[in-house]
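A look at the structure
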Amino acid sequence: MVNEGKSLSEALLSAKAEGRLTVGVYECAKIMNEDPDSVSFCLLATDDFECDVALQIHFTLIQAFCFDNDISIVRVNDLKRLNALVGGKGQLEDAHCVLITNPAEDSWEDPALEKLHLFCEGSRSYNEWVPEITLPER
């Protein structure tokens, strides 16, 4: 799990630096609707104590969309740590849903993202459709 968490952190930081990160349930749904082929990876995040029914409904719809469009998807259970990775300094983002879009055609594939795709593929072979990844401590 540590390697997947490290790969996820690296992929998020790389995508953020390259402007390939979309943060927020509404913003992610908008990207998925407008250009689903541009989405490479989806991340859903909750805190263990969170019981927001509307958020769970959104998650169910996002998961179904990802499955239908062959988008790799994982869960993270530490929203605070995820916010620290994807948010700007001193600002909290609605990081319940985060998308990483595909790199430009003329750029190199992100090795961390490739590891995450392989992890998701392996998890699906064990019928774990939305695997959970623990982000490493900073």
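For the structure given in this document, a descriptive report is provided here. (Residues numbered from 1 in each chain as written. Predicted model: local features only at pLDDT ≥ 70, side-chain atom pairs only at ≥ 80, totals over all residues. Heavy atoms only, no water.)

So, about the packing of aromatic side chains. Describing an aromatic ring pair means giving the distance of the ring centres and the angle of the ring planes. In total, this model carries one aromatic pair according to the counting rule given. Ring centres 6.3 Å apart and planes at 70° place the aromatic pair Phe67 and Trp129 in the edge-to-face group. Taken together, the positions of Phe67 in helix H3 (residues 53-68) and Trp129 in the segment after helix H5 (111-125) put the pair 62 residues apart, joining distant regions of the chain. According to the relative accessible area criterion, Trp129 is partly exposed, its value standing at 44%. (Phe/Tyr/Trp six-rings, centres within 6.5 Å; stacked < 30°, edge-to-face > 60°. Helix = DSSP H or I, 4+ residues; strand = E, 2+ residues; numbered from the N terminus. Buried < 20%, exposed > 50% of the residue type's maximum accessible area, 1.4 Å probe, protein only.)

One open sheet holds the four strands; their spatial order is E1-E4-E2-E3, and the pairing between them is mixed. Looking at strand neighbours, the two that pair on one side only are strand E1 (21-23) and strand E3 (72-76), the edges of this open sheet. Within the sheet, the average angular offset between the axes of one strand and its neighbour, ignoring direction, is 20°. Bridge analysis of E1 against strand E4 (residues 97-101) gives three bridges, and the strand direction is antiparallel. Note that in E4 the partner of Leu21 across the bridge is Ile100. Seen against the sheet, helix H4 (residues 79-86) touches E1, strand E2 (39-45) and E4 and runs at an angle of roughly 140° to E2. (Pairing = 2+ DSSP bridges. Axes fitted to C-alpha atoms, helices over the stretch in contact; angles between N-to-C directions. Contact = heavy atoms within 4.5 Å.)

To continue, consider H3. Between its terminal C-alpha atoms H3 stretches 23 Å, which fits the 22 Å expected from 16 residues at 1.5 Å a residue. Among the residues of H3, Leu55, Phe59, Ile62, Gln63 and Cys66 are the ones counted as buried. One face of H3 carries all of its buried residues, which in axial projection span an arc of 105°. The outward face of H3, more than 90 degrees from its buried face, is lined by the exposed residues Val53, Ile57, Leu61 and Asp68. Buried residues along H3 sit against helix H2 (25-34), E2, E3 and E4. (Expected span 1.5 Å × (residues − 1). Arc of directions from axis to C-beta.)

Moving on, we come to unusual backbone geometry. A positive phi angle, close to 55°, is found at Asp70, a residue other than glycine. Tracing the chain through its elements places Asp70 in the loop between H3 and E3. In this structure, Asn127 takes a positive phi of about 60° despite not being glycine. Mapped onto the elements, Asn127 comes out in the segment after H5. In this structure Asn127 comes out as exposed when scored by relative accessible area, which is 58%.

Position of Ser7 relative to the elements: it lies in helix H1 (residues 2-17). The contact partners of Ser7, leaving out residues within four places of it in the chain, are Ala112, Lys115 and Leu116.

Attention now moves to the nonpolar core. By size, the foremost hydrophobic cluster in this structure holds 25 residues, and its most contacted members are Leu8, Leu12, Leu82, Val86 and Val98. With five residues, H5 is the largest single contributor of residues to this core. With residues near it in sequence (within four places) discarded, Leu82 still touches Leu12, Leu43, Ala45, Ala95, Val98 and Leu135. In terms of nonpolar packing, the next biggest core, distinct from the first, is built from 15 residues, Cys28, Val39, Cys42 and Leu99 among them. (Core = buried A, V, L, I, M, F, W, Y, C linked by side-chain atoms within 4.5 Å.)

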